[in-house]
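The chain contents come next:
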Amino acid sequence: PSFIIDDAGSVRYAANTTIRSVAVYGGQIEYDVTSRTNNYGFYDSVDYARSHDDKKTIAFVGDSFTAGEAGFPWVSELRERLHRPDIEVYDLGVSGASTRHMEKLVDTVYGDLGFDEVNIMVIANDFYRPFWIPAQKNGAMWFCRPGVDPPDCTAERRPLLHEVTLEESQEAILKRAADIYDTNRGMKSSIDSFWKRLNLYTVACDAYSRIHPDRRNLDFCPHLARHYYKSYVKTAYYHQSVESLMALTRRYPAVKFRVFHIPEKGEVALNRYGLDVGTDLRNSGLEYVPLLPRCDWNISDFHKHDYHPNRKGYTKLLRCVADVVNNSLGSVSLEPHIAATAPTP
């Protein structure tokens, strides 16, 4: 298994295991990444244990952007590049996590490890995701709401993930993906216009939007809304999600909390956030750090079709976050090459 539910009801990865993540778009593999989890079920090169020698403990909690999905476990590398033996760094990133998952992970893991500082890494979409638990059946996985019987959950919609093995060839994965695509097309209740289903049309939309990013492109290319031009409205659920993070400062008054707002691909394309989170976090006890204006983002920092950063983007995220942590800690020695960006795979 990849995702599990721990004894406290939190969602994390299976411990001490190797997980392969492959993304297929059309007939091409966008990325194929294999990572190893530690004893706590997080992507990291070291095991976690409570520090008993007065070390400062810093946790990073978030979704796939924190886990390094489609790239590399950048939080683990941040630890290696900070020359501070007096600091412990923990990566609590889990793909698909909502702010509700993040709150629960802090509550669950704090009792074991204890934290002096918690950096909550969010994208706008995290505030709208419900709390889910994994359900597996017939080599596929669904994210189901607690209290919903898994058979009902899996019958209502298509799975989010399909199982691959560590040894499976990319050719075999592409063949299986083509079969899944065919099945999903047969399940569609409505069929787009013929010209909108042409691959050339999709490619043209993507190319034009990269050169001329504008929400008006949705009039002709509605599929761009998924990854480029999401529209966020501050619903009651959003405000409840914000409150779930603010509640952490009241439960753990001795812990410093910081919220890093990572931009999504479409926000980078338009050079503005689609959701104003900072206003709602004023006077909350949560330090708000917007990374869109700090990190010199570019659309090339993301995969072509997938919404995750690529290796170059994660390296940029590592550099920006390291700068903030560096300034907050005082005198920290960073390796000179931290500003270098890795080549896009």
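Rules used in this analysis
- Every residue gets a number counted from 1 within its own chain, in the order that chain's sequence is written.
- Side-chain atom pairs in this predicted model are given and counted only at pLDDT of 80 or more, local residue features only at pLDDT of at least 70, and totals for whole chains, interfaces and linings cover all residues.
- The side-chain figures draw on all heavy atoms in the structure; neither hydrogens nor water molecules are used.
- When the centres of two rings from Phe, Tyr and Trp lie within 6.5 Å, Trp using its six-membered ring, the rings pair. Their planes under 30 degrees apart give stacked, over 60 give edge-to-face, and anything left gives tilted.
- A run of H or I in DSSP becomes a helix once it reaches four residues, and a run of E becomes a strand once it reaches two; helices and strands are each numbered from the N terminus.
- Exposed residues in this analysis have more than 50% of their type's maximum accessible area, buried residues have under 20%, and partly exposed residues fall in between, with area computed by a 1.4 Å probe over protein chains only.
- Only when the NZ of Lys or the CZ of Arg is both within 6 Å of the ring centre and within 35 degrees of the ring normal is a charge said to sit over the ring.
- For two strands to pair, DSSP has to find at least two bridges joining them.
- The criterion for a disulfide is a pair of cysteine sulfur atoms lying within 2.5 Å.
- Here, two residues are considered to be in contact whenever any of their heavy atoms come within 4.5 Å of each other.
- The pocket and cavity definitions rest on a 1 Å grid over protein atoms only: a 1.4 Å probe that fits but cannot leave marks a cavity, an open set with protein on both sides within 12 Å along at least five of seven lines marks a pocket, and residues lining either have an atom within 4 Å of a point.
- Grid points are joined across faces, edges and corners, and a volume is the space filled by probe spheres set on the points.
- Angular values range over 0 to 180 degrees, each being the angle between N-to-C directions of two axes fitted as lines to C-alpha atoms, with helices fitted over their stretch in contact.
- The criterion is simple. A nonpolar core is a set of buried Ala, Val, Leu, Ile, Met, Phe, Trp, Tyr and Cys residues joined through side-chain atoms within 4.5 Å.
- Within 3.5 Å is the distance limit for a polar contact, defined as a pair of N or O atoms, with the added protein rule that one can donate a hydrogen and the other accept it, and that residues adjacent in sequence qualify only through two side-chain atoms.
- A residue's pLDDT is simply how confident the predictor is in it, with values from 0 to 100.
- Oblique is the label for any angle not covered by the other classes, which are roughly parallel (under 35 degrees), roughly antiparallel (over 145) and roughly perpendicular (65 to 115).
- Rotating anticlockwise by less than a right angle from the far helix to the near helix defines a left-handed crossing, while the corresponding clockwise rotation defines a right-handed one.
- Gly is put with the polar residues, along with every residue not named as nonpolar or charged; the nonpolar set is Ala, Val, Leu, Ile, Met, Phe, Trp, Tyr, Cys and Pro, and the charged set is Asp, Glu, Lys and Arg.

Considering the packing of aromatic side chains
- With the rule as written, the count across this model stands at 18 aromatic pairs.
- Taking the centre distance of 5.5 Å and the plane angle of 55° together, the rings of F127 and Y238 count as tilted. Taken together, the residues F127 in the loop between β7 (117-122) and β8 (133-137) and Y238 in helix α7 (residues 236-251) connect sequence positions 111 residues apart.
- With a relative accessible area of 1%, F127 lands in the buried category.
- Exposure remark for Y238: the relative accessible area of 0% places this residue in the buried category.
- For the ring pair Y128 and Y238, a centre distance of 5.9 Å and an interplane angle of 20° mean the geometry is stacked. Pair noted here: Y128 is in the loop between β7 and β8 and Y238 is in helix α7, with a separation of 110 residues, a long-range link.
- Grouping aromatic residues by their ring pairs yields a cluster made of Y40, F42, Y48, Y90, Y110, F115 and Y252.
- The ring of W142 has K137 lying over it, and the distance from NZ or CZ to the ring centre is 5.7 Å.
- The lysine or arginine in question, R311, covers the ring of F72, its NZ or CZ lying 4.2 Å from the ring centre.

Some remarks on the sheet that holds strand β9 (residues 140-144)
- Strand order in the open sheet formed by 3 strands is β8-β9-β10, with antiparallel pairing between adjacent strands. Taken across any chain shown, the strands that pair with only one partner, and hence form the sheet edges, are β8 and β10 (161-162).
- Sheet topology note: the β8/β9 ladder contains 5 bridges and is antiparallel. In the strand pairing of β9, P134 is matched with F143.

What about the state of the cysteines?
- Within the structure shown, the criterion is met by 2 disulfides.
- Bridging C144 to C153, the disulfide has an S-S length of 1.9 Å. Judged by the torsion about the S-S bond (-85°), the C144/C153 disulfide is left-handed. As far as burial versus exposure is concerned, C144 and C153 are alike and both buried.

A look at helix α2 (residues 74-81)
- Among the 8 residues of α2, 7 are classified as buried, and the element is accordingly described as predominantly covered.
- Lining the buried residues of α2 we find β5 (56-62), α1 (64-67), β6 (87-93), β7 and α9 (311-329).

Focus: the pairing of β9
- Here β9 lies mainly inside the structure; 5 of its 5 residues are buried.
- Alternating positions in β9 separate into two faces, A140, W142 and C144 on one and M141 and F143 on the other, with burial throughout.
- Turn length for the β8-β9 hairpin, with the two strands adjacent in sequence and antiparallel, is 2 residues, and the turn residue N138 shows positive phi of about 55°.

Observations concerning empty space enclosed by the protein
- Summed over all chains, the structure comprises 1 cavity of 30 Å³ or more.
- In this structure, the largest cavity encloses a volume near 50 Å³.
- Lining the largest cavity, in full, are I19, S21, V33, S35, Y43, A67, G68, E69 and A70.

Overview of the sheet that holds β5
- The sheet built from 5 strands is open, its strands ordered β6-β5-β7-β11-β12 with parallel pairing. For this open sheet the edge positions go to β6 and β12 (286-290), each flanked by a neighbour on one side alone. Ignoring which end each strand starts from, the neighbouring axes of this sheet average 20° apart.
- Pairing of β5 with β7 involves 5 bridges; the strand directions are parallel. Note that in β7 the partner of G62 across the bridge is M121.
- Where α7 meets the sheet, its contacts fall on β7, β11 (256-261) and β12, and the angle it forms with β12 comes to roughly 135°.

Observations regarding the nonpolar core
- Membership of the largest hydrophobic core comes to 44 residues, with the highest contact counts inside it found for L92, V118 and I120.
- At the level of elements, β2 (11-13), β5, β6, α3 (99-113), β7, β9, α7 and β11 are the ones that each hand at least two residues to this core.
- Not counting residues within four places of it along the chain, the set of residues in contact with V118 comprises A59, V61, V106, V255, K256, F257 and R258.
- Judged by nonpolar contacts, the second largest core, of 30 residues, contains V75, Y314, L317 and A322.

What about the side chain of S244?
- Here S244 is to be found in helix α7.
- Overall, S244 belongs to the buried group, its relative accessible area being 7%.
- One polar contact links the side chain of S244 to the main-chain carbonyl oxygen of S241, over a distance of 2.5 Å.
- Look past the residues within four positions of S244 in its chain and what remains in contact with it is T99, R100 and E103.

Quick notes on the confidence of the model for the protein chain
- The predicted model of the protein chain has a mean per-residue pLDDT of 88, with 88% of residues at 70 or higher.
- Throughout residues 332-345 the model reports pLDDT below 50, and contacts reaching past four residues in sequence, or to other chains, amount to 30 contacts.

Considering the packing of α2 against α9
- Two elements in contact, α2 and α9, have axes whose closest approach is 10 Å; the angle formed by their N-to-C orientations is 50°. Taken as axis vectors, α2 and α9 run oblique relative to one another. Where α2 crosses over α9, the handedness of that crossing is right-handed. Along the contact surface, α2 presents W74, E77, L78 and R81, while α9 presents Y314, L317, L318, V321 and A322.
- Here the contact of α2 with α9 is composed, by residue class, of 7 nonpolar, no polar and 2 charged.

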